[in-house]
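Examining the three-dimensional arrangement
Each chain is listed here by its residues.
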Amino acid sequence: MRAFSVHTGRALPLDRANVDTDQIVPAEHLRRIERSGYGPFLFGEWRKDPGFVLNRPEYEGATILLAGPNFGGGSSREHAVWALEDAGFRVVIGPSFADIFRNNCFKIGLLPVELPDESVRALMDAVMDDPATEITIDLNELRVSAAVVHESFEIDPYTRWRLLEGLDDIDLTLRYADAIDAFERVRAPRLPSIPRS
Amino acid sequence: MIGPRTLAEKVWERHVVHRAEGEPDLLYVDLHLVHEVTSPQAFEGLRLAGRAVRRPDLTVATMDHNVPTVAGPVDPISRTQMETLARNCADAGITLFPTGDLGQGIVHVIGPQMGLTQPGLVIVCGDSHTSTHGAFGALAFGIGTSEVEHVLATQTLPQRTPKTMAVTVEGDLPAGVSAKDVILGIIARIGTGGGAGHVIEYRGGAIRSLSMEGRMTICNMSIEGGARAGMVAPDETTFAYLEGRPNAPSGADWEEALEDWRSLPTDDGAMFDSEVEIDASELRPHVSWGTNPAQTVTIDDVVPAPADEASARALAYMDLRPGTAIRDIRPDTVFIGSCTNSRIEDLREAAGVLDGHRVREGLRAMVVPGSMLVKQQAEREGLDRVFVAAGFEWRDAGCSMCLGMNPDQLTPGERCASTSNRNFEGRQGRGGRTHLVSPAVAAATAIAGHFATPEDLER
C-alpha cells in the first residue's frame, strides 16, 4: 500500500449528494480482470457531458476530490477507489462516506477525510471561486488547511499509523498466525465446510 | 460477569481471533463466498505475494454477475473473467458452481439454499448484498477486493466494532404488503446513510411473522440504508428452513447446533446504539420514484415536489413531473429477479398474480430465477408455464437486469418496474430508469401497464 503523510494539491468540486459507486465506475467496466487502468472510467457516464466538472480544463491535475454527503454508497466495488487512484486522486474530502467505500480507500492508501458540512461547503466555494486554490492535508497533524479553512479531522490511530507507514494489512495480520492456528484448533467441527473439489 | 448482549455482539465475540488495545479486532471468517467480478485481482495479489488460499474448504464460488441468462455466446471480456475464476478455483481447490451447473446461481441465493448460511457465522463476500445472509442470525457483510485477498490468505479480517441499531417493526402487515415494502419503508425512514457504521437488527412481530425468504429480502437491502450488515435473530422459522439442507448439521450435530443457535438472540435489557420503531399497520406497497432507494412513496401517492437540488436532478433523470400519480406511470419493462427477490416464494407470488392474465401489449417482461435450483423447483410447480403464458421471458439464473453488466440491460430512457435493490442512474443499463417494487406489484404492473397492486386488477 502507498504510504500517506502530507499532500498538497488542487481540488475537483463534485457538489452532489449520495454519489454511489455505480456513478464512480459503471458496472460495465467491472468485467476486466486487471487491477489498474480504471482512471478513464471514473464517473464514466457523467464525464460524457462536456460541461461535467471533471472535463473542465481549470480542474485538470486536481488530486483532491471534494464530495457531497454519503459519498461512495451502494456496491462494494473496489474499482471505485482504483479509478480515483488511477485518475491521480490522493484524497477525498466530504461530510460523510459509505462504510465499504471508506474501508476500500484505507486499503489502497487513498485518504478519505470527513469534515463538517460547513467546512466542506467553504472549501467547495473557494475552489469553485478559484480553481487554483491549494489544499493541504496533513495526516501527521490531522489537519486540512487552505486559504479559507483550517480544520482538524479524525481518523482512528491504528489506521493512521498504517497509512503513514504504508503497511500491508495481510502482513500485519500474519503476525498473528499463531492465534489463527489456535482459533482453528478449537472451532466446532460441526461448522459448515465444503469438501475440496 | 457479562451483561446483556445483542445478537451482533454475541456473534462478533465468538469470532475474535486476536484483540489488542488500539487495534481493530481480528475476526475469523466462517464462510467466504466468491464470484467472478471482485475476485480476479485478489487471486492475482496472492500470486504476486507468493501466498496460498488458507481455507479452500470454507470458500465457495459461483458465476452470477456477468453471465447471460439465455443460451448463446458470452462476450470475450466477460468470458475471460469467468475463465479466470474457474482457473483460480481449480488452482486453489475451491468448489465452484459455474454456468451450466445445477448449483449455479446468485451468490446470495445459493448460500442459503445449500444450507451453508447458518446462524452465528461470520460470512463475507466481495459484494455489498452479502447482508442477505444476516436473515439467519449470521453476521454477514460485503467487502472490497483487497479484503477478499486478505480473507483468502488468512481466513480473517481486521474489523472495527460496529455500532448497533434496532429496527423494530411491530404489528400486523396489511394484506398486500410484502417484505420488500417493509424494507423500502425502513430505508425511506432512515435514509441511504442512516445505517452507516451500524449493524441493524430487525426485530418485532412483523419481522418474526416473515418467512426466511422474506427476512432475506429485508436483510439484503440493509446496505441501501447504509448498514453493511442486517440481522434477524434465529428462531423456529430459521431452524425449519435449515433442517435437512445439504450442508446443515444433522444427527447429534443438529441438536448441538440448535442449542447453540437458541443462545444467540439479543438478551433482554441489551442496549442498542440507536433504535427505530415502525408501525407495520401503516405500511403500504412502495414504489421508488428517484435515483436512490430512499426516494420512494407508496403506490397511492404522487411523485413528490423536489425538496432539494439532488431530488430535482433525480426527477429530471427519471423524466417525472411532481404531482403525477404513481399509478399513472407506465413502465416499458418489468423485471422480476435479483438477490433481493428471485427466490421460489417471490416467483410463486408473482405467478399467483399473473395466472390467467396477459402482460400488457408492448411491455417487455422477464423473470430470472435466483438459482438454477430455484428454476428447477419453479418448473416442477408449473410456474414457468404461468409466466410464459402471461408473456414473460423465462430465463436462466443470474444477476441479470439488476446491474447492467451482462446482456440484460435497459436502453436509454427505458422505464422499468424492477424487483431489484438499486435505482441508481444507469444501474440497469445506460440511461435506464428504475422503479423498485415488490414481486406482487411488478406482476400486477406488467398486466395493467401502469403501476398497480394485485387488488387493482380485481376492481
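None of these values were measured; they are calculated from a predicted model. (Residues numbered from 1 in each chain as written. Chains lettered and ligands numbered in written order. Predicted model: local features only at pLDDT ≥ 70, side-chain atom pairs only at ≥ 80, totals over all residues.)

**Observations regarding the sheet that holds strand 3 (residues 31-35) of chain B**
What links the strands of a sheet is backbone hydrogen bonding, and the strands pair in either a parallel or an antiparallel sense. Residues and elements named next belong to chain B. What counts here: When DSSP finds two or more bridges between a pair of strands, those strands are recorded as paired. Helix numbering and strand numbering both begin at the N terminus, where a helix is a DSSP run of H or I of at least 4 residues and a strand a DSSP run of E of at least 2. For helices, the fitted line uses only the C-alpha atoms of the stretch in contact; every axis is such a line through C-alpha atoms, and the angle between N-to-C directions lies from 0 to 180 degrees.
On the basis of which strands lie adjacent, the open sheet formed by five strands has the order 5-4-3-6-7 and parallel pairing. Edge strands, defined here as strands with exactly one partner in the open sheet, are strand 5 (95-97) and strand 7 (139-142). Neighbour-to-neighbour, the strand axes of this sheet turn through a mean angle of 20°, independent of strand direction.

**Concerning the packing of helix 6 (residues 179-190) of chain B against helix 8 (residues 212-220) of chain B**
Residue and element names in this part refer to chain B. Short version of the rule: An angle below 35 degrees is treated as roughly parallel, one above 145 as roughly antiparallel, one from 65 to 115 as roughly perpendicular, and anything else as oblique. Crossing handedness is defined as follows: a turn of the near helix away from the far one that is anticlockwise and smaller than a right angle gives a left-handed crossing, while the clockwise case is right-handed. Once C-beta atoms are placed from the backbone, any two residues with those atoms within 7 Å are in contact. Only Asp, Glu, Lys and Arg are considered charged in this grouping, and only Ala, Val, Leu, Ile, Met, Phe, Trp, Tyr, Cys and Pro are considered nonpolar; every other residue, Gly among them, is considered polar.
Interaxial distance between helix 6 and helix 8 falls to 8 Å at its minimum, and their mutual angle equals 25°. Here helix 6 is positioned roughly parallel relative to helix 8, judged by the angle of their axes. Remark: the crossing between helix 6 and helix 8 carries right-handed chirality. Facing A179, K180, V182 and I183 of helix 6, the residues of helix 8 in contact are G214, T217 and I218. Looking at the contact of helix 6 with helix 8, its residues break down into four nonpolar, two polar and one charged.

**Quick look at the interface of chain A and chain B**
Contact residues are listed per partner, giving 50 residues for chain A and 67 residues for chain B. Of all the elements in the fold, those that place two or more residues in the side of chain A that touches chain B are helix 1 (21-24), helix 3 (99-108), helix 5 (157-165), helix 6 (169-174) and helix 7 (177-186) of chain A. The element best represented in the side of chain A that touches chain B is helix 3 of chain A, accounting for six residues. A class-by-class count of the residues in the side of chain A that touches chain B yields 21 nonpolar, 13 polar and 16 charged.

**Side note on helix 3 of chain A**
Formally: Using C-beta atoms placed from the backbone, we call a residue buried if 20 or more other C-beta atoms fall within 10 Å of its own, exposed if 12 or fewer do, and partly exposed for counts in between.
Taking burial as the measure, the 10 residues of helix 3 of chain A include nine buried ones, the bulk of the element. At the C-terminal side of helix 3 of chain A, A:G109 shows a positive phi close to 90°.

**Comments concerning the packing of helix 12 (residues 344-354) of chain B against helix 14 (residues 383-390) of chain B**
Residue and element names in this part refer to chain B. In contact at an axis separation of 9 Å, helix 12 and helix 14 are set at 45° when each is read in the N-to-C sense. For the element pair helix 12 / helix 14, the angle class is oblique. In the packing of helix 12 onto helix 14, the handedness of the crossing is left-handed. For the pair formed by helix 12 and helix 14, the contact residues are L347, R348, A351 and L354 on the first element and L383, V386, F387 and A390 on the second. Tallied by class, the residues present in the contact of helix 12 with helix 14 amount to seven nonpolar, no polar and one charged.

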